[in-house]
Amino acid sequence: MGYDLKSVVEMKKQHPCGSNAWEIIRMGMDIRIKCLGCGHSVLIPRRDFDKKIKKIIR
């Protein structure tokens, strides 16, 4: 995958607020992403993130 810090990605499932665009705000063993709709942040293990990502927006 070609994502990096501050990349905006689209996930397979949308957030309950209705948005499925997320910004990567921390990378390491785990990846922290922030919903661009409501600002909620989630910490996901990298292995799970790679399975749940749909495409890279920018």
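Scroll up to find the structure this text is about.
Residues numbered from 1 in each chain as written. Predicted model: local features only at pLDDT ≥ 70, side-chain atom pairs only at ≥ 80, totals over all residues. Heavy atoms only, no water.

**Some details on unusual backbone geometry**
If you check the backbone angles, Lys6 has positive phi at about 75 degrees while not being a glycine. One can find Lys6 in the segment before strand S1 (8-11). In this structure Lys6 comes out as exposed when scored by relative accessible area, which is 54%. (Helix = DSSP H or I, 4+ residues; strand = E, 2+ residues; numbered from the N terminus. Buried < 20%, exposed > 50% of the residue type's maximum accessible area, 1.4 Å probe, protein only.)

**Here's the deal with the nonpolar core**
Here is a general trend for soluble globular proteins: nonpolar side chains tend to be buried in one another's company. Core analysis: the biggest nonpolar cluster contains eleven residues, these being Tyr3, Val9, Met11, Trp22, Ile24, Ile31, Ile33, Cys35, Ile44, Phe49 and Ile53. Elements represented by at least two residues in this core include exactly S1, strand S2 (21-26) and strand S3 (30-35). Per element, the largest residue contribution to this core is three residues, and it comes from S3. Dropping the residues within four chain positions of it, Trp22 is found in contact with Ser7, Val8, Val9, Met11, His15, Ile33, Lys34, Cys35, Leu36, His40 and Val42. (Core = buried A, V, L, I, M, F, W, Y, C linked by side-chain atoms within 4.5 Å. Contact = heavy atoms within 4.5 Å.)

Remember that the coordinates give geometry; whether it matters functionally is a separate question.
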